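Structural characterization, general
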Amino acid sequence: AQTVTQSQPEMSVQEAETVTLSCTYDTSESDYYLFWYKQPPSRQMILVIRQEAYKQQNATENRFSVNFQKAAKSFSLKISDSQLGDAAMYFCALLPSNAGGTSYGKLTFGQGTILTVHP
Amino acid sequence: NAGVTQTPKFRILKIGQSMTLQCAQDMNHNYMYWYRQDPGMGLKLIYYSVGAGITDKGEVPNGYNVSRSTTEDFPLRLELAAPSQTSVYFCASVRMIGTQPQHFGDGTRLSIL
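Structural notes, computed from the coordinates. Since the model is a prediction, treat every value here as computed from it, not as a measurement. (Residues numbered from 1 in each chain as written. Chains lettered and ligands numbered in written order. Predicted model: local features only at pLDDT ≥ 70, side-chain atom pairs only at ≥ 80, totals over all residues. Heavy atoms only, no water.)

1. Some words on the nonpolar core
Rule in force here: Within this scheme, the nonpolar core is defined by two criteria: the residues are buried Ala, Val, Leu, Ile, Met, Phe, Trp, Tyr or Cys, and they are joined through side-chain atoms within 4.5 Å. Partly exposed describes any residue whose relative accessible area lies between the buried limit of under 20% and the exposed limit of over 50%, with all areas from a 1.4 Å probe on protein chains only and scaled to the type maximum. Under the scheme used here, helices are H or I runs from DSSP no shorter than 4 residues and strands are E runs no shorter than 2 residues, and both carry numbers assigned from the N terminus. Should any heavy atoms of two residues lie within 4.5 Å, those residues are considered in contact.
The biggest cluster of nonpolar side chains holds 25 residues, and the ones touching the most others in it are Tyr25(A), Trp36(A), Phe75(A), Leu77(A) and Tyr90(A). Within the residue set of this core, elements represented by two or more residues are strand E3 (19–21), strand E5 (32–39), strand E6 (46–52), strand E8 (64–69), strand E9 (74–79), strand E10 (88–96) and strand E12 (113–118) of chain A. Not counting residues within four places of it along the chain, the set of residues in contact with Tyr90(A) comprises Gln6(A), Leu21(A), Trp36(A), Tyr37(A), Lys38(A), Val48(A), Phe64(A), Leu77(A), Ile79(A), Gly112(A), Thr113(A) and Leu115(A). Formed by 22 residues, the second largest nonpolar core is a distinct cluster that contains Ala93(A), Phe109(A), Val88(B) and Phe90(B).

Dropping the structure here:
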């Protein structure tokens, strides 16, 4: 079984500043994927960034980057140059690889962090 | 492409009523999923399907049923609605698991009064 924990129910940041959202996880799998999803008030689930656990290099997508610490089972999201449009609920999620054909793509989500961006 | 389409977007049910939440995808995806999101919480897996005719329970299946007669459609059935089933329901799909992210529908907000 997998668990994903987001310990920050709410975070806030000033526009143009940088904010980091925390995520820790637990899994017995040796290979897995980690994701950050953004959910704006429209309820859409938007993929922000993805990290393969076998890759040591941290993923980056424009203003979004992660700090992946495999040994510590930590996967934080850094948002640089925050914009008003970044305001949303952010979810961390874990997907075991399908080695052995047993994961079936089942995502495990954290509880979410509400990010507020102040102008 | 429409992607993942969920209907209806909103619904209010009375306790004990039944209804079906519809989910359709036009991407020829093999894997489909139903999640529920309670207020202020993350998504939890209700049921999933790895292909037409094959379904299995997720983390919170009680009170729900699913079927997958075609690759495109994956309806979720509530037989006897209870207040605890008030939630936002998301359907998602993916062609091959692991290498690709799941595509999500826009959700169905369901209130049971």
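2. Some thoughts on the interface of chain B and chain A
Note the following rule: The term buried area means the drop in 1.4 Å probe accessible area that two parts suffer when joined, counted for both and summed. Here, a salt bridge means any side-chain nitrogen of Lys or Arg that lies within 4 Å of a carboxyl oxygen of Asp or Glu. In protein, a polar contact requires one atom able to donate a hydrogen and another able to accept it; more generally it is a pair of N or O atoms within 3.5 Å, and residues adjacent in sequence count only if both atoms are side-chain atoms. Side-chain classes are defined by residue name, with Ala, Val, Leu, Ile, Met, Phe, Trp, Tyr, Cys and Pro counting as nonpolar, Asp, Glu, Lys and Arg as charged, and the others, Gly among them, as polar.
Of the residues lining the interface, 26 residues belong to chain B; the matching set on chain A comes to 20 residues. Between chain B and chain A the total buried area reaches about 1,900 Å² when both faces are included, carbon and sulfur atoms providing 59% of it. At the junction of chain B with chain A, the criterion picks out 0 salt bridges. One can count 6 residue pairs in polar contact (both at pLDDT 80 or more) joining chain B with chain A. In terms of residue class, the side of chain B that touches chain A is made up of 14 nonpolar, 9 polar and 3 charged.

3. Notes on the pattern of salt bridges
Residues and elements named next belong to chain A. Scanning the model with the defined rule gives 5 salt bridges over all chains in all. The residue Lys-55 makes a salt bridge to Glu-52 at a minimum N-O spacing of 3.9 Å. Residue Glu-52 is classed as buried on the basis of its relative accessible area of 13%. One salt bridge in this structure joins Asp-86 and Arg-63, with 2.8 Å as the shortest N-O distance. Taken as a pair, Asp-86 in the loop between E9 and E10 and Arg-63 in the loop between strand E7 (60–61) and E8 lie far apart in primary sequence, 23 residues in all. In this structure, Asp-86 and Arg-63 share a single accessibility class: buried.

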